[in-house]
Amino acid sequence: MDPGDMALLARAQANDPALTELKLPRRNLGDPGAAAVAAALQHNTTVASLWLAGNALGCAGVSELAAVLPTHPALRELSLNFNTVGMAGARALAAGMAASGTLRNLQLNSNTLGPAGNTEEEEEGERRGERERERERETEEEERRRKKKKKEEEEEEEEEEE
């Protein structure tokens, strides 16, 4: 997420009364981004429209968002078009929407639901993809830690030389 997106989430989390629409389309947020949005909305009471179209959101991220639906007092519209929401995500959304007192418009165009929903093989593929993305994030985090440690060691060596 870029700094502007982070600022929007911070406003949502701070319950900014002027923030009634949260538009984050085509940001490639993935499931971790959906989790961040869900966390920001947990204590929010002002966002009425949430636009997350084209963000590569899968079942895990959508399930995080669905968990917020029953308790969010203002959310009326949720756009999840052009993502990779499978049947597990759709089921979570259906349950969240049924328990929501406010959500009236849920958009799921161009997702991976298919005419009869995902097959078990497709759902396993989604889970595999989620595990692979998690491993990639862990590898990236490890690389960042390694670089940070190396930089700290180099700085210590420079200080010792002085």
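Residues numbered from 1 in each chain as written. Predicted model: local features only at pLDDT ≥ 70, side-chain atom pairs only at ≥ 80, totals over all residues. Heavy atoms only, no water.

Details of unusual backbone geometry
Although it is not a glycine, A56 sits at a positive phi angle of roughly 55 degrees. Here A56 is to be found in the loop between β2 (49–51) and α3 (59–68). With a relative accessible area of 37%, A56 lands in the partly exposed category. (Helix = DSSP H or I, 4+ residues; strand = E, 2+ residues; numbered from the N terminus. Buried < 20%, exposed > 50% of the residue type's maximum accessible area, 1.4 Å probe, protein only.)

Structural notes on the packing of helix α1 (residues 3–13) against helix α2 (residues 30–41)
One way to put it is that α1 packs onto α2 with a least axis distance of 7 Å and a crossing angle of 30 degrees. Accordingly, the angle class assigned to the pair α1 and α2 is roughly parallel. Residues L9, A12 and Q13 of α1 touch α2, and the partners they reach there are A36, V37, A39 and A40. In terms of residue class, the contact of α1 with α2 is made up of six nonpolar, one polar and no charged. (Axes fitted to C-alpha atoms, helices over the stretch in contact; angles between N-to-C directions. Parallel < 35°, antiparallel > 145°, perpendicular 65-115°, else oblique. Contact = heavy atoms within 4.5 Å. Nonpolar A, V, L, I, M, F, W, Y, C, P; charged D, E, K, R; others polar.)

Overview of the pattern of salt bridges
Close approach of charged atoms allows side chains with opposite charge to pair. Inspection of the entire model under this criterion finds eight salt bridges. The shortest N-O distance in the salt bridge between R145 and E142 comes to 3.1 Å. In this pair, R145 and E142 are both assigned in helix α5 (residues 120–161), three residues apart and thus about one turn of the helix distant. One salt bridge in this structure joins R146 and E143, with 2.2 Å as the shortest N-O distance. Taken together, the residues R146 and E143, both in helix α5 and three residues apart, mark about one turn of the helix. (Salt bridge = Lys/Arg side-chain N within 4 Å of Asp/Glu carboxyl O.)

Remarks on the sheet that holds β2
Sheet strands associate in pairs through backbone hydrogen bonding, adopting either a parallel or an antiparallel arrangement. One open sheet accounts for four strands, arranged β1-β2-β3-β4; its pairing is parallel. The sheet terminates laterally at β1 (21–23) and β4 (105–107), the two strands that pair on one side only. Across this sheet, the average inter-strand angle for adjacent strands is 0 degrees, counted without regard to direction. With three bridges connecting them, strand β3 (residues 77–79) and β4 associate as parallel partners. Counterpart to S79 in the pairing with β4 is Q107. (Pairing = 2+ DSSP bridges.)

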